[in-house]
Number of protein chains: 2
Amino acid sequence: MEPEPLVENGKINGQKTELNIRQLEISDHAKGFVELLSQLSTCPSLSQSEFEARFADLAALGDDHHIAVVEDPTLGRIVATGSIFIEKKFLRGCSSVAHIEDVVVDKATRGAHLGQRIINYLVDHAKAAGCYKVILDCTPELRVFYEKCGFEEKNVQMALYF
Amino acid sequence: MEPEPLVENGKINGQKTELNIRQLEISDHAKGFVELLSQLSTCPSLSQSEFEARFADLAALGDDHHIAVVEDPTLGRIVATGSIFIEKKFLRGCSSVAHIEDVVVDKATRGAHLGQRIINYLVDHAKAAGCYKVILDCTPELRVFYEKCGFEEKNVQMALYF
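These numbers come from a predicted model, not from an experiment. (Residues numbered from 1 in each chain as written. Chains lettered and ligands numbered in written order. Predicted model: local features only at pLDDT ≥ 70, side-chain atom pairs only at ≥ 80, totals over all residues. Heavy atoms only, no water.)

Draft legend 1. Structural view of the interface of chain A and chain B. In this complex, chain A contributes 62 residues to the contact, which on the side of chain B involves 62 residues. In total, about 5700 Å² of surface goes out of reach between chain A and chain B, with carbon and sulfur atoms giving 64% of it. Considering only the surface of chain A that becomes buried against chain B, Phe 90, Met 158 and Phe 162 of chain A emerge as the three largest contributors, covering 17% of it. Across the salt bridge formed by Asp 102 of chain B and Lys 89 of chain A, the nearest N and O atoms sit 2.9 Å from each other. Connecting chain A to chain B are 28 residue pairs in polar contact (both at pLDDT 80 or more). For the side of chain A that touches chain B, the leading source of residues is strand β9 (residues 152-161) of chain A, giving 10 residues. Looking at side-chain class alone, the side of chain A that touches chain B contains 34 nonpolar, 11 polar and 17 charged residues. (Contact = heavy atoms within 4.5 Å. Buried area = accessible area lost by both parts, 1.4 Å probe. Salt bridge = Lys/Arg side-chain N within 4 Å of Asp/Glu carboxyl O. Polar contact = N/O pair within 3.5 Å; in protein donor to acceptor, adjacent residues only side chain to side chain. Helix = DSSP H or I, 4+ residues; strand = E, 2+ residues; numbered from the N terminus. Nonpolar A, V, L, I, M, F, W, Y, C, P; charged D, E, K, R; others polar.)

Okay, structure coming up:
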């Protein structure tokens, strides 16, 4: 039996591997997508039908909603993700604003700049959609990371929990 | 000719008037909805067909997008507005988060607590939609206003402009 490959700092068994970014697919349910999200926030496991129902809700939005994932081809696991949705406004001549949400990189794969690559990919999606800006909310500790990605601190986020 | 009514502090010609909140309608284009938004941000005027096209984009989202307005019945003008959209997630068992955007009260009508009424209305919409939280971004000066509406400061907003 082959030993489990060692994934560390973006290398697999010491070799750099190509980790491509692509859109979420239904088959990613079996590749640990939901487990990865649970590293970010409360995220109980979902049945295949629950996953497919929510996938369909989001797919109905077309290019106005996009979830990016990075799959580790050796492990067959999703190791990074981030989502973006396009909000259509009346402001600025019926312009659009992109909102980035739910960005997480698997603990074992951190240090490989996957977070930055996911953000760049989502920013490109927003640009292609004709948005005039991309916004996101983060904890103060992540400010420096997002500044490296080209963002600047702009406002404060207020929240009301039910 | 009747003189223009004096709208001040929620009263019209010194009389308290009932200003109800309702959903945006196509006819609100002729009632200064876009001009009101221009008090918030850059908002050039829109032709009837541009307005109707964007109205249709948003109506297609059903209850997942809602624009609240307050019309002054005496003036036949929109004097306050705020919008909300529901973001569907995989997190927290396929939960939803509501985002409040583009809240503005006409300068001449400020002081009548229309801002707070608009926010309460949108929060009720989020609750009815089963969201687990409502979030919004604002300038630091508006923090106190949103705290009065039941919100708490949570994170920082980062932005990237194209």
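Draft legend 2. Structural context of the nonpolar core. One finds Val 70, Ile 100, Leu 114, Ile 119, Tyr 146 and Phe 151 of chain A to be the most contacted residues of the largest nonpolar core, which totals 29 residues. Residue assignment for this core shows that the elements contributing at least two residues are β5 (65-72), β6 (77-88), β7 (96-105), α4 (114-128) and β8 (133-138) of chain A together with β9 (152-161) of chain B. Not counting the four nearest positions on each side in its chain, Phe 151 of chain A is found in contact with Ile 100, Ile 119, Val 123, Val 134, Leu 136 and Tyr 146 of chain A together with Met 158, Ala 159 and Leu 160 of chain B. Formed by 28 residues, the second largest nonpolar core is a distinct cluster that contains Val 156 of chain A together with Val 103, Val 105 and Leu 136 of chain B. (Core = buried A, V, L, I, M, F, W, Y, C linked by side-chain atoms within 4.5 Å. Buried < 20%, exposed > 50% of the residue type's maximum accessible area, 1.4 Å probe, protein only.)

Draft legend 3. Here's a closer look at the packing of aromatic side chains. Residues and elements named next belong to chain B. Inspection of every chain in the model, using the stated rule, returns 15 aromatic pairs over all chains. Their ring planes at 75° and their centres at 5.9 Å tell us that Tyr 146 and Phe 151 sit as a pair that is edge-to-face. Phe 151 shares its class with Tyr 146; the two are buried. (Phe/Tyr/Trp six-rings, centres within 6.5 Å; stacked < 30°, edge-to-face > 60°.)

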